[in-house]
Amino acid sequence: NKEAQEYFDTALRVLADTGIGGDRSVGKGRFEIVKTSKVADLPKSQKPNAALLLSLYVPTETELAAIDLQESYYNLVTRQGWVSNHTHRRQTIRAFSESPVLYFKDDQPMPILQSEQLCVLKQEQHSTLTHNIYRNFSVISLPIYLNKEKNASTNS
């Protein structure tokens, strides 16, 4: 609808101005919008049993327990580094990389994926910090249905 399109266009303009990724404060990650089109309505699966992720993902313990890791297709990545304007090293985090397909266990309902806001450095550990440092791992996911039996026969 028109309202959703306006929100999408606004978000895209903000990202173009501020940049995407690291070192945005020094001008990296900026881009120019060449053309926008209407946001398409994605078909909704009636019985989703998997999710296609469009972002990094660190599951909660409950979410991880619901994922069938043997049937899923994913890579893990390590995120580490330093706190900007400080010489403090952040906690190392392992996350699912972008674009995995995660299957969910048959005996559990598919969870609504929310992920974690992780504290990667506590203020009390460093006197020069004025607050805790968090890393945002909010997930963007598309619920999908995949036929496991059909995939199993084509993989063998």
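Scope of this entry: the structure provided in the associated data block. (Residues numbered from 1 in each chain as written. Predicted model: local features only at pLDDT ≥ 70, side-chain atom pairs only at ≥ 80, totals over all residues. Heavy atoms only, no water.)

Some words on the overall build of the protein chain
Here comes step 1: Helices and strands together make up the secondary structure of the protein chain, namely three helices and seven strands.
Here comes step 2: Start at the N end of the protein chain and walk to the C end: the helices and strands fall as α-β-α-β-β-β-β-β-β-α.
Here comes step 3: With 156 residues in all, the protein chain has 28% of them scored as buried.
Here comes step 4: Counted over contacts in the protein chain with a minimum sequence separation of 6, partners at least 24 positions apart contribute 65%.
Here comes step 5: Accessible area for the protein chain stands at about 11500 Å²; split by element, carbon and sulfur atoms hold 51% of it. (Helix = DSSP H or I, 4+ residues; strand = E, 2+ residues; numbered from the N terminus. Buried < 20%, exposed > 50% of the residue type's maximum accessible area, 1.4 Å probe, protein only. Contact = heavy atoms within 4.5 Å. Areas by Shrake-Rupley, 256 points an atom, 1.4 Å probe, with all protein chains shown as cover.)

Notes on the environment of Lys 122
Here comes step 1: The residue Lys 122 is located in the loop between β5 (117-121) and β6 (133-136) in this model.
Here comes step 2: Lys 122 sits in the partly exposed class, given a relative accessible area of 37%.
Here comes step 3: In sequence terms Lys 122 and Gln 91 are 31 residues apart; their C-alpha atoms lie 9.6 Å from each other.

Re the sheet that holds strand β1 (residues 50-53)
Here comes step 1: Taken in spatial order, the three strands of this open sheet run β4-β1-β7, and their pairing is antiparallel. Of all strands in the sheet, those bounded by a partner on one side alone are β4 (101-103) and β7 (141-144). Within this sheet the neighbouring strands show an average axis-to-axis angle of 25 degrees, counted without direction.
Here comes step 2: Of the pairings in the sheet, the one linking β1 to β4 comprises three bridges and is antiparallel in character. (Pairing = 2+ DSSP bridges. Axes fitted to C-alpha atoms, helices over the stretch in contact; angles between N-to-C directions.)

Keep in mind these numbers describe shape, not what the thing actually does.
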